[in-house]
Amino acid sequence: MNTMEQQLRTLLDIGRGFEALITWLTANFDGFFDTTRELISAVLQAFQATLLLPGPYLMIALFAGIAFWRSGIGTGIFTLLGMYLIHIMGFWDVTMDTLALVITSVVIALIIGVPLGILAAKNDIVERIVRPVLDVMQTLPAFVYLIPAVLFFQLGAVPGVIATLIFSLPPAVRLTSLGIRQVPGEIREAATAFGSTPMQMLFKAELPVALPTIMAGVNQTIMLALSMVVIAGMIGAGGLGNEVLKGITQLKIGLGFESGISIVILAIFLDRVTQSLGKRN
Amino acid sequence: MSIIEVKNLYKVFGPSPSRAFALIDEGKSKEEILRKTGNTLGINNASFTVEKQETFVIMGLSGSGKSTVIRCLNRLIEPSRGEVLIDGQDIMKMNKWELLQTRRNKLSMVFQQFALLPHRTVLSNVEYGLELSGMEKGEREQRAMKALEQVGLKGYEQQYPSELSGGMQQRVGLARALANDPEVLLMDEAFSALDPLIRTQMQDELIELQASMQKTIIFITHDLDEALKLGDRIAIMKDGEVIQIGTPEQILTNPANDYVRAFVQNVDQTKIITVSSIMLKAPTVGLHKEGPKAAIRKMEQARIPAIMAVDAARKLKGIVTIDDAVRLVREKKDDLTPVVSDQVFTTTPDTPIANLLTTALETSMPVAVLDEEGRLMGVVDRASILAELSKSMEDEETPVPLSEQLDEEATTPGKEA
C-alpha cells in the first residue's frame, strides 16, 4: 500500500463509520429500541403462551389435523408421529418456543414485506431502491448484524426475532412484487374496463391473481426464519437453537442430533402446510 | 341515431407528443415524424360514427392501430387529441367518477385472451362487473345466471376458468360483458385466439345473440372474412388511419384504394355479394290493365323472350313468354291471365349470388327478386349470375391446352441446365 492509498483508507474507514453509526443509534434512539423490544417481546410471549396452553396432546392432534386437511393423509400421519416423537424426546416446550419465534418473525415480516412488495411492484423507483437493500439483507453474514441487534435490544429472544426478520423478509417483498408484476396485462385492462377503482384493482384483481406467488414467498420466509433459529440461539433466543448449541458446545452429540431432528420435523410440517396455501382448488 | 362518435382522433406514442403535433399540423408524414421526433403515430386522424344497434367492425393488420382505437373508446389508452363522444358525452372531458360510471354502465369489453380471473368460479367471474359497481349479492347472482344462460353456459356456474375450453372461456367473457347490460360491447379480437371451427361457431352465435339483444357492438379483427360476416359496416385501418368505411358489399365492390383491393382480392366474393348488386330493373306487365299487345311491345323494346306479370300491388303473378302472347293476339283474346306461367324462380335481394348457381344452370328464364311482401323488385338473369361467378374465379388456375404447353417448352430450351 502506498501513502496515497493509506490516506484513502483513513478517509474511507467503513468499519469505524459503522461503529460510530451504531453508537450514535444506541445513544439517541434508546427509547425507540426499548419500545420496540417490549412490543415484540409481548407478541412473542403471547404466541408462546397460546402454543403451550393446550398441552402437547391437544396441539399434536391439532397440527396433525391441519396437515391432513391442507396437505393430505401422508403429511397428516407424518406430523402426528413426528410431533409425538418431539414430545417423547422432551423437546416439546422448546419446540413451541421456536415456533413462537418463527411465527412472530414471519408475521412481522409479512406486515412489512407484503405492503413493501406491493409498493415496489407499483413503483419502479421504490423497486430500484428496495432491491439492493434486500440483496444486502440476504447476503450479509448473520453474525454481522447479530451483534448490533444485541446492542440495540439486549440479549434474549427479541434480537433473535430481529435477526430472523432481517434474514427472512426479502422473499416476502420480492415474491409479492414479482407476483403483482406478473398479473397479465389483459386482466388489468379488464379490471379497468369494468370500472375498478385503484383499491378494487388491487384487492379484487391483482392480489388474488398474485396470491400463489405471494404464498410461495410466505413459504420461503418461514423456511428462512426456521433456518435462522439456531444462530439466534447464540444470543439467547432460546428454543431448539439453544439445544443444538448446547449439543455443539458441550460435545453432547446425541442432544444436538435429537434437537436437530426436531427442527427438521417442524420444518417439514410448516413447509407442506404453507405450500398448500398457494394452490388453487 | 349514433351512439359513438369519434372525431379526429390521434394517439401519439413516444417521448414528446407536442413536437409530433407541430409536425402533424404541418402535414408531415408518419415516417417523417418518427424520424424527427421519435414519436410513433398510433392513430392518425381517425373519425367514424357508430349507430345504435349496429355491429361496427374495425379491421386491420397488426400495427394498424385498431386495438388502440378501441382502447381509446373507454380510455384504457388516453387519446392524445380529438373527441370521443359516447351518447353525446365527451369521454375525454369526464372526471374520474363519470368515467367510472361510463365504464360500469355503458361500455363492456371482451378480450382476446379472455382475461378471466383464475381464482373465481364462472359465476363469480360473470358477477365481477356488477360487484365492482356495488350491486348486492342476490341481484347480481340472478343477472349473472341470466347472462350465462344467454351464452349457453348454464350448469357450468361452479367450474373454474381453467377447467373450460377456450371457446367456453370466451363465452364466460361474453357473459361477463352482457351481465352489466351495457349499451355498447367492445370486442377486441374476441375470437382470434380460438381454433377455426370454434371461431365460426362463436361468430354464428354472436349473430344470433345480436338478433335478439340488439346491442351496439364494436368488433376488432384482423380477419377480413370475420369482418364481412359480422359487420353491418366495416372500417378498414392501415398505419393508424381509417382508409375506408362501408358495408361489406361497398368494401368489396368499391375498394377505396389498392390496399383495400389487395385485401379483398382473395375473398370469395360470391358469398358476400348479394343479388341486389347485380339485380336489373325488370319490365313488367300489369295484369290489371295490360293485355297481350302491350306485353309484346314491352318485350320487343327490352329484347327479352319473356316478361314478369304483376298485379296492381306489383305482386308477382308469374311470367309470360313472347310465344304465348303472340298466340293470344292471333286468337284475338285480351286477357293475359290464362297464359301466365308460375314456372319462375324467385329470390330475395340479400341472397348471396353463390346460392343462385344451381338455379342459373337449371332455368333459362330470369330469376325474379321479391321483397318481403312478394312485390317484384327486379330480376337477375342467368348471364349476370354466371358472369359474376366466373369473375371471382379469374385468379384461379385454369387448364392450359397441351399444345401451348409444348410450344412453351420448345421455345425455352436448356432451362433446366
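Quick caveat, the model's predicted, so the values are computed rather than measured.

Caption draft 1: Broad picture of the overall build of chain B. Check the secondary structure of chain B and you find 18 helices and 16 strands. Here the C-alpha atoms of chain B give a radius of gyration of 28 Å, more than 25% beyond the 22 Å that 2.2 N^0.38 yields for 417 residues. Overall, the C-alpha framework of chain B stretches about 85 × 75 × 45 Å when taken along its three principal axes. Taking all 417 residues of chain B together, the buried fraction comes to 37%.

Caption draft 2: Spotlight on the overall build of chain A. When its secondary structure is counted, chain A shows 13 helices and 0 strands. Reading the helices (α) and strands (β) of chain A from amino to carboxyl end gives α-α-α-α-α-α-α-α-α-α-α-α-α. The dimensions of chain A, computed from C-alpha atoms along their principal axes, are 70 × 65 × 35 Å. Restricting to contacts in chain A with at least 6 residues of sequence separation, those with at least 24 account for 75%.

Caption draft 3: A look at the sheet that holds strand S12 (residues 306-310) of chain B. All names here are of chain B. As summarised here, the arrangement of the 3 strands in space is S11-S12-S13, forming an open sheet in which the pairing is mixed. If you trace the sheet from one side to the other, it starts and ends with strand S11 (284-286) and strand S13 (316-321), each paired once. Going across the sheet, the axis of each strand differs from the next one's by a mean of 35 degrees, ignoring polarity. By the bridge criterion, 3 bridges tie S11 to S12 in an arrangement that is parallel. Paired with Val285 across the bridge in S12 is Ala309. Where helix H15 (residues 322-330) meets the sheet, its contacts fall on S12 and S13, and the angle it forms with S13 comes to roughly 80 degrees.

Caption draft 4: Local environment of the packing of helix H6 (residues 92-122) of chain A against helix H7 (residues 124-139) of chain A. Residues and elements named next belong to chain A. Their axes nearest at 5 Å, the elements H6 and H7 cross at an angle of 125 degrees. By the angle class used here, H6 and H7 are oblique. When H6 is examined against H7, the residues Leu116, Leu119 and Ala120 are found in contact with a partner set consisting of Val126, Glu127 and Val130. Considered class by class, the residues forming the contact of H6 with H7 number 5 nonpolar, no polar and 1 charged.

Caption draft 5: Layout of the UniProt feature "domain: ABC transporter" (unreviewed entry) in chain B. UniProt's entry tags residues 4-264 of chain B with the feature "domain: ABC transporter" (unreviewed entry), counted in the numbering of this structure. When the span residues 4-264 of chain B is considered, its composition is 43% helix and 24% strand, and the gap between its end C-alpha atoms is 27 Å.

Caption draft 6: How the structure looks around the domain arrangement of chain B. With domains assigned, chain B is organised as domain 1 (49-269) and domain 2 (276-391). For domain 1 of chain B versus domain 2 of chain B, the separation of C-alpha centres amounts to 44 Å.

Caption draft 7: Structural context of the pairing of strand S8 (residues 216-221) of chain B. Residue and element names in this part refer to chain B. Counting buried residues in S8 gives 6 out of 6 residues, a clear majority hidden from the surface. Side chains of S8 alternate between two faces, with Thr216, Ile218 and Ile220 and Ile217, Phe219 and Thr221 buried alike. The pairing of strand S3 (residues 55-59) with S8 spans 5 bridges and is classified as parallel. Bridging from a neighbouring strand, Thr55 pairs with Ile217 of S8. Here 5 bridges tie strand S7 (residues 184-188) to S8, and the two strands are oriented parallel to one another. When the bridges of S8 are listed, Val184 appears paired with Thr216. Assessed by its sense of winding, the connection that carries the chain from S7 through helix H8 (residues 196-213) to S8 is right-handed.

Caption draft 8: View of the interface of chain A and chain B. The interface of chain A with chain B comprises 16 residues on the first partner and 16 residues on the second. If you list the elements that add at least two residues to the side of chain A that touches chain B, you get helix H10 (185-193) and helix H11 (198-233) of chain A. Per element, the largest residue contribution to the side of chain A that touches chain B is 6 residues, and it comes from H10 of chain A. Taken together, the residues of the side of chain A that touches chain B sort by class into 8 nonpolar, 5 polar and 3 charged.

Caption draft 9: Structural context of the environment of Leu376 of chain B. For Leu376 of chain B, the position within the fold is in strand S16 (residues 376-380). The spatial distance from the C-alpha of Leu376 of chain B to the C-alpha of Gly27 of chain B is 52 Å, given a sequence separation of 349 residues.

Caption draft 10: Molecular detail of the confidence of the model for chain B. Averaged over every residue, the pLDDT of chain B is 87; the share at 70 or more is 95%. Both scores are given for the predicted complex: the pTM is 0.74, the ipTM 0.79.

Caption draft 11: The arrangement of the sheet that holds S8 of chain B in detail. Residue and element names in this part refer to chain B. Taken in spatial order, the 6 strands line up as S6-S7-S8-S3-S9-S10 in an open sheet, and their pairing is mixed. Where the open sheet ends on each side, the last strands, each with one partner, are strand S6 (107-110) and strand S10 (241-246). With direction set aside, neighbouring strand axes in the sheet form an average angle of 20 degrees.

Caption draft 12: Spotlight on the nonpolar core. With 172 residues, the main nonpolar core has Val126, Ala175, Ile218 and Met308 of chain B as its most contacted residues. Considering every element that reaches this core, the biggest residue donor is H11 of chain A, with 14 residues. For this core, the two domains that each supply at least three residues are domain 1 (49-269) and domain 2 (276-391) of chain B. Ile218 of chain B has contacts with Val50, Phe56, Ile58, Ile70, Leu73, Val184, Leu186 and Met187 of chain B, leaving out every residue within four places of it along the chain.

Caption draft 13: How the structure looks around unusual backbone geometry. Residues and elements named next belong to chain B. One non-glycine residue, Asn8, lies in positive phi territory at about 45 degrees. Looking at the element boundaries, Asn8 is found in strand S1 (residues 2-13). Take Asn8: there are 13 C-beta atoms within 10 Å of it, and that puts it in the partly exposed class. At Arg75, a residue that is not glycine, the phi angle is positive and equals roughly 60 degrees. Within the secondary structure layout, Arg75 lies in the loop between helix H3 (66-73) and strand S4 (81-86).

Each value, and the rule that gives it
Counting from 1, residues in each chain are numbered in the order their sequence is written. Naming scheme: in the order in which they are written, chains are lettered from A and ligands are numbered from 1. A pLDDT threshold of at least 70 governs which residues receive local features in this predicted model, and a stricter bar of 80 or more applies before side-chain atom pairs are shown or counted, although totals over entire chains, interfaces and linings include all residues. The helix count covers DSSP runs of H or I at least four residues long, the strand count covers runs of E at least two residues long, and both are numbered beginning at the N terminus. Radius of gyration: over C-alpha atoms. The globule rule applied is 2.2 Å multiplied by the number of residues raised to the 0.38 power. With C-beta atoms placed from the backbone, a residue counts as buried when 20 or more other C-beta atoms lie within 10 Å of its own, as exposed when 12 or fewer do, and as partly exposed for counts between those limits. The contact criterion used here is simple: two residues whose C-beta atoms, placed from the backbone, lie within 7 Å are in contact. By this definition, two strands are paired if DSSP reports at least two bridges between them. Lines fitted to the C-alpha atoms define the axes, with helices restricted to the stretch that makes contact. Angles between their N-to-C directions range from 0 to 180 degrees. Here is the rule for angles: anything less than 35 degrees is roughly parallel, anything more than 145 is roughly antiparallel, 65 through 115 is roughly perpendicular, and the remaining ranges are oblique. Gly is put with the polar residues, along with every residue not named as nonpolar or charged; the nonpolar set is Ala, Val, Leu, Ile, Met, Phe, Trp, Tyr, Cys and Pro, and the charged set is Asp, Glu, Lys and Arg. UniProt positions are given in the numbering used here, feature names are shortened, and annotations may be inferred rather than shown by experiment. Source of the domain bounds: an automatic or database domain assignment. The crossover handedness rule: strands pointing away from the viewer, path from first strand over the helix to second strand clockwise, crossover right-handed. How sure the predictor is of each residue is captured by pLDDT, a score from 0 to 100. Nonpolar cores are built from buried Ala, Val, Leu, Ile, Met, Phe, Trp, Tyr and Cys residues. These are joined into a set through C-beta atoms within 7 Å.

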